[in-house]
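# Fold and contact review
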Amino acid sequence: MTVTLINATRRMKVINLPHESYCAALGTCACVPRKGARPLCLALTLAAGASASGLDDAVLRVPDVARDVRAGELRVRREVPPPKPSSPSPKAPRRSGRKKAR
Ligand SMILES: [Zn+2]
């Protein structure tokens, strides 16, 4: 399941997604490997009032995120996965060049 995180504050937020909590919840390592250094954990930057969609709900297991959600500084919207197409569409689905939200 994916979620949308919304920054409900008037300040920019930088949310670290530490390996110990985020990757553990994700079940895979999402860190950015670096040569000769520890992998860099992912971080989300949310401008005031901005939202980030398509996040794995593993972000909710990150203590900082959970704390901000409880404090009302972050809002969470769970994204319902799109229903599987029951009938083949007449037109072939166009591949839209959707960027990866990472
Ligand atoms: Zn990791």
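Just above sits the structure.
Now for a quick tour of the structure.

Reading the values: the criteria
- Residues numbered from 1 in each chain as written.
- Predicted model: local features only at pLDDT ≥ 70, side-chain atom pairs only at ≥ 80, totals over all residues.
- Heavy atoms only, no water.
- Buried < 20%, exposed > 50% of the residue type's maximum accessible area, 1.4 Å probe, protein only.
- Helix = DSSP H or I, 4+ residues; strand = E, 2+ residues; numbered from the N terminus.
- Contact = heavy atoms within 4.5 Å.
- Salt bridge = Lys/Arg side-chain N within 4 Å of Asp/Glu carboxyl O.
- Donors = N, O, S within 2.8 Å, 3.2 Å for Na, K, Ca; no water.
- Tetrahedral: all angles 85-135°; square planar, octahedral: opposite > 155°, others 65-115°.
- Pairing = 2+ DSSP bridges.
- Axes fitted to C-alpha atoms, helices over the stretch in contact; angles between N-to-C directions.

Our next topic: helix α1 (residues 19-26). Inspection of α1 places Ser21, Tyr22 and Cys23 among the buried residues, and these make up the whole buried set. Summarising the contacts, the buried residues of α1 are in contact with β2 (13-17), β5 (42-46), β6 (51-56) and α2 (63-70). Of the residues flanking the end of α1, it is Gly27, one or two places downstream, whose phi is positive at about 85°.

Our focus in this paragraph is the pattern of salt bridges. Taken as a whole and judged by the stated rule, the model has six salt bridges. Across the salt bridge formed by Glu73 and Arg11, the nearest N and O atoms sit 3.9 Å from each other. Of this pair, Glu73 sits in the loop between α2 and β7 (74-79) while Arg11 sits in the loop between β1 (2-7) and β2, placing them 62 residues apart in sequence. The exposure class assigned to Glu73 is partly exposed, which follows from its relative accessible area of 23%.

Right, let's talk about the side chain of Ser21 for a bit. Within the fold, Ser21 resides in helix α1. Once residues lying within four places of it in the same chain are set aside, the contact partners of Ser21 are Arg61, Val62 and Pro63.

For the rest of this paragraph, the subject is the coordination of the zinc ion. Within the protein, the atoms that donate to the zinc ion are His19 (ND1), Cys23 (SG), Cys29 (SG) and Cys31 (SG), at distances of 1.9 to 2.3 Å. If you look at the zinc ion, its four donor atoms make angles of 104 to 120° with each other, and the shape they trace is tetrahedral. In the primary structure, the donors to the zinc ion are separated according to the pattern H-x3-C-x5-C-x1-C. Relative accessible area serves as the criterion here: at 45%, Cys29 is assigned to the partly exposed category.

Turning our eyes to something else, we now look at the environment of Ala24. Mapping Ala24 onto the fold places it in helix α1. Separated by 38 residues in the primary sequence, Ala24 and Val62 have C-alpha atoms spaced 9.6 Å apart.

Moving on, we get to the sheet that holds β7. Taken together, three strands build an open sheet; the order of strands is β6-β1-β7 and the sheet is antiparallel. Each of the sheet's edge strands pairs with one partner strand only, and the pair in question is β6 and β7. Each neighbouring strand pair of the sheet contributes to a mean axis angle of 25°, computed without reference to strand direction. Pairing analysis gives six bridges linking β1 to β7, with the strands arranged antiparallel. Across the sheet, Asn7 pairs through a bridge with Leu74, a residue of β7.

That is the geometry; function is a separate question.
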